[in-house]
Amino acid sequence: MIIFNNVSKRYPSGYEALKQVNFHLKAGEMAFLTGHSGAGKSTLLRLIALIERNTTGQIVVGGQHLGRLPTHRIPYLRRRIGMIFQDHRLLFDRTVYDNVALPLVIGGFRPPEIRRRVRAALDKVGLLNKEKSYPITLSGGEQQRVGIARAVVNKPPILLADEPTGNLDPNLAKDIMNLFVHFNQVGVTVLVATHAVGLIKHIKCRMLVLQHGGLIGDTHLRMMR
Amino acid sequence: MKRPPVPPPTPPRRSPKASQMTYGNAWLTHHLTTLFTSFGQILRTPLPSLMTAMVIGIALALPAGLYLLLENVQHLSNEWNGTAQISLFLKQTVGEEKAQNLADWLLQKKEISGVQIITPTQALEEYRNLSGFGQALTALEDNPLPYVLIVQLATANTDLGERLLEELKRKPEIEVAQFDMLWLKRLFAMIALVRRGVIILASLLTLAVLLVIGNTIRLAIYNRREEIEIHKLFGATDAFIRRPFLYAGGWYGLLGGIIAWLLVHFCFWLLQDPVKQLSLLYYSQFELVTLDLLSSLALLLTGGLLGLIGAWLAVGRHLKEIQPR
Ligand SMILES: Nc1ncnc2c1ncn2[C@@H]1O[C@H](COP(=O)(O)OP(=O)(O)OP(=O)(O)O)[C@@H](O)[C@H]1O
Ligand SMILES: [Mg+2]
């Protein structure tokens with residue numbers, strides 16, 4: 001589903017955030033992406049959604065070579081990727097409901113379908129009672145969960161999460177991680193970037209470790225067992 | 001977040017048929033929603049929006065009003081054009097009887113369809129009403145005005161008219177004989193000139209409208225930069241992002257058009273009375289032409305269309321610069 005082949009990313013400032021990264025995440029697979037702060041985790045996720053273009057190497061997402069994807073096709077790539085951002089990126093002048101509905105409105109869904117799906121997504125993150133609130137009135141953790149509901153609301157085949165549990169207490173964080181596992185169990189390809197190694201070590205799944213832009217570890221826990 | 005074991009969500013891959021079913025009237029719903037949301041956004045900042053609409057309104061009202069004024073002049077001169085006439089100012093010494101005889105003689109001629117006699121008393125009365133020198137004129141002992149004959153020509157043929165004029169000029173009773181066509185010709189030439197001026201003015205003001213709307217939309221785009229970025233992150237196409245701004249531009253243009261319509265109507269309403277008095281003086285049934293239904297619609301449509309185009313130009317230039325981080 002996601003193939004990185006000798007991918008490097010050099011920012012315009014000259015800083016090389018990713019160096020020769022190789023991995024293959026199969027459809028329906030789940031992996032954690034860890035590494036110190038500044039290792040390049042966010043950069044790697046942004047390359048997949050074409051928020052940034054890689055400098056060298058090839059990236060293939062869902063069979064599509066990103067290097068050959070014309071600009072006008074980028075929106076359709078992004079509709080197949082649910083993305084959760086480190087800084088939430090909510091619309092503060094819209095209600096929680098409208099924030100979560102955004103990918104569906106963009107995708108041209110019918111209003112009744114939108115209502116049904118938004119409710120279901122908010123229910124999954126435990127925020128159904130907050131649908132009429134504005135994000136500014138929510139706690140950091142609640143805002144993060146709005147972002148998660150928005151990412152999964154249109155049931156994308158790929159889910160990318162950048163530090164999704166950063167502001168959550170350990171119990172809630174565990175719930176959210178379990179939610180990702182459940183998504184993965186129904187066939188979604190999931191890639192979660194996180195610092196919280198302690199939180200994920202009990203989850204049996206693949207771990208990609210970045211250090212200074214290089215992929216220094218790719219452990220299939222199944223093999224280690 | 002206490003949940004029973006998560007109910008199995010539907011598989012992520014939707015069949016193409018199912019995804020197609022979600023379109024259809026969703027498209028229309030989305031367009032209408034965007035249309036009214038963008039209007040709501042304009043209403044949310046009433047004062048700046050009104051000011052923008054006012055500028056557009058004034059810029060539209062100027063050429064529309066001038067054009068209408070020209071229409072009126074054209075209308076008026078057309079009314080006169082068909083009935084070419086010659087004014088004969090008789091000598092002071094010519095009295096009523098002689099004037100009447102002259103009129104009868106003129107009426108015999110086949111080139112002449114009618115003769116109207118204006119007596120010095122009538123002329124003075126008229127002048128008194130028109131000039132407002134009522135008191136001063138009453139103080140005059142003798143009426144200084146001569147008899148005037150207004151000769152209506154039966155033909156619009158200018159050669160025949162010229163020959164008749166030459167003949168009349170030689171009559172001893174007549175002090176001055178003049179063709180009223182001459183100033184009409186000058187008027188026509190002037191109308192043509194002014195019309196060109198109005199077209200130039202209209203083009204310049206059209207440009208102004210485009211710039212005003214373009215600038216307003218540019219500001220709106222930068223105010224909603226974050227929103228645009230987030231929309232792009234979730235797969236919004238350029239068309240989707242462009243749409244609310246285009247509609248906003250259309251609304252501004254339409255509001256400007258409405259304001260222009262009101263302004264033009266107000267100005268012509270102010271002119272109505274003076275024009276009525278003037279046309280009475282000229283024995284004319286002239287009625288001021290105002291914006292009819294069709295030209296009203298054209299004005300509103302022009303406003304809306306200019307708004308759309310202005311927004312399109314602004315959006316095309318500035319949306320490209322905004323890419324999600
Ligand atoms: N737009 C940019 N321009 C220049 N350098 C950048 C840019 N974005 C990130 N970097 C640099 O690239 C490196 C990797 O950044 P990235 O955000 O991918 O790290 P990260 O692993 O997500 O860190 P964190 O865990 O703190 O979020 C950092 O050193 C950062 O300074
Ligand atoms: Mg990061």
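Rules and cut-offs
Residues numbered from 1 in each chain as written. Chains lettered and ligands numbered in written order. Predicted model: local features only at pLDDT ≥ 70, side-chain atom pairs only at ≥ 80, totals over all residues. Heavy atoms only, no water. Helix = DSSP H or I, 4+ residues; strand = E, 2+ residues; numbered from the N terminus. Buried < 20%, exposed > 50% of the residue type's maximum accessible area, 1.4 Å probe, protein only. Contact = heavy atoms within 4.5 Å. Areas by Shrake-Rupley, 256 points an atom, 1.4 Å probe, with all protein chains shown as cover. Rg over C-alpha atoms; globule rule 2.2 N^0.38 Å. Donors = N, O, S within 2.8 Å, 3.2 Å for Na, K, Ca; no water. Lys, Arg positive; Asp, Glu negative; His and termini not counted. Salt bridge = Lys/Arg side-chain N within 4 Å of Asp/Glu carboxyl O. Phe/Tyr/Trp six-rings, centres within 6.5 Å; stacked < 30°, edge-to-face > 60°. Lys NZ or Arg CZ within 6 Å of the ring centre and 35° of its normal. Polar contact = N/O pair within 3.5 Å; in protein donor to acceptor, adjacent residues only side chain to side chain. Near = heavy atom within 4 Å. Nonpolar A, V, L, I, M, F, W, Y, C, P; charged D, E, K, R; others polar. Pairing = 2+ DSSP bridges. Axes fitted to C-alpha atoms, helices over the stretch in contact; angles between N-to-C directions.

## Description of the overall build of chain B
Looking only at helices and strands, one finds eleven helices and four strands in chain B. Counting all 325 residues of chain B, 38% fall into the buried class. Counting only contacts in chain B whose residues sit at least 6 apart along the sequence, the fraction spanning at least 24 positions is 85%. As presented, chain B carries roughly 19500 Å² of accessible surface, and 65% of it is formed by carbon and sulfur atoms.

## What to know about the overall build of chain A
The number of helices and strands found in chain A is eight helices and ten strands. For chain A, whose C-alpha radius of gyration is 17 Å, the value lies close to the compact-globule estimate of 17 Å for 225 residues. Its C-alpha atoms put chain A at 45 × 40 × 35 Å along the principal axes. The buried share of chain A, reckoned over its 225 residues, is 58%.

## Considerations on the coordination of the magnesium ion (ligand 2)
Residue and element names in this part refer to chain A. At the metal site, the magnesium ion (ligand 2) is ligated by Ser-42 (OG) and Gln-86 (OE1), and these contacts range over 1.9 to 2.4 Å. Linking Ser-42 in helix 1 (residues 41–48) with Gln-86 in the loop between strand 6 (81–84) and helix 3 (96–106), this pair joins segments that are 44 residues apart in sequence. Gln-86 gets classed as partly exposed once you look at its relative accessible area, which sits at 41%.

## A few points about the side chain of Glu-142 of chain A
Residue and element names in this part refer to chain A. In this structure, Glu-142 sits in helix 5 (residues 140–152). Of the side chains with opposite charge, Lys-130 lies nearest to the buried Glu-142, which makes no salt bridge, at 4.0 Å. The residues contacting Glu-142, other than those within four sequence positions of it, are Leu-127 and Lys-130.

## Some words on the packing of aromatic side chains
Taken as a whole and judged by the stated rule, the model has four aromatic pairs over all chains. Summarising the aromatic geometry, the rings of Phe-85 of chain A and Phe-234 of chain B are spaced 6.1 Å apart at their centres and angled 80° between planes, so their arrangement reads as edge-to-face. Residue Phe-85 of chain A is located in the loop between strand 6 and helix 3, and its partner Phe-234 of chain B is located in the loop between helix 9 (225–233) and helix 10 (238–281); the two belong to separate chains. Judged on exposure class, the residue Phe-85 of chain A and its partner Phe-234 of chain B are both buried. When the centroid spacing of 4.4 Å and the interplanar angle of 45° are considered together, the rings of Phe-39 of chain B and Trp-251 of chain B count as tilted. Taken together, the positions of Phe-39 of chain B in helix 2 (residues 25–44) and Trp-251 of chain B in helix 10 put the pair 212 residues apart, joining distant regions of the chain. Take Trp-251 of chain B: its relative accessible area is 16%, and that puts it in the buried class. Positioned above the aromatic ring of Trp-105 of chain B, the side-chain terminus of Lys-171 of chain B is 4.0 Å from the ring centre. Sitting above the plane of the Trp-312 of chain B ring, Arg-242 of chain B keeps its charged end 5.0 Å from the centroid.

## Things to note about the interface of chain A and chain B
Contacts between the two partners involve 43 residues from chain A and, on the opposite side, 30 residues from chain B. At the surface where chain A touches chain B, the tally comes to three salt bridges. In this structure, Glu-227 of chain B and Arg-94 of chain A form a salt bridge, with 2.7 Å as the shortest nitrogen-oxygen distance. Linking chain A with chain B are five residue pairs in polar contact (both at pLDDT 80 or more), by the criterion used here. Where the side of chain A that touches chain B is concerned, the elements lending two or more residues are helix 2 (74–79), helix 3, helix 4 (111–124), helix 5 and helix 6 (170–185) of chain A.

## Things to note about the site of ligand 1
Residues and elements named next belong to chain A. Every one of the 14 residues lining ligand 1 counts as a neighbour, but Ser-37, Lys-41, Ser-42, Thr-43 and Gln-86 are closest to it. At a separation of 2.6 Å, an oxygen atom of ligand 1 approaches a polar side-chain atom of Ser-37. Contact distances for ligand 1 include 2.5 Å between an oxygen atom and a side-chain N or O atom of Thr-43. In the complex, the protein chains occlude 67% of the 630 Å² of accessible area that ligand 1 would expose alone. With three residues, helix 1 is the single largest residue contributor to the shell around ligand 1. By residue class, the composition of the shell around ligand 1 is four nonpolar, nine polar and one charged.

## Overview of the sheet that holds strand 9 (residues 206–211) of chain A
All names here are of chain A. Read from one edge of the open sheet, six strands run 6-7-8-3-9-10, paired in mixed fashion. The sheet is open, and its two edges are formed by strand 6 and strand 10 (214–219), each paired on a single side. Across this sheet, the average inter-strand angle for adjacent strands is 15°, counted without regard to direction. In this structure, strand 6 lies alongside strand 7 (residues 158–162), joined through four bridges in parallel fashion. Within strand 7, the position partnered with Gly-82 by the bridge is Leu-159. Seen against the sheet, helix 5 touches strand 6 and strand 7 and runs at an angle of roughly 175° to strand 6.

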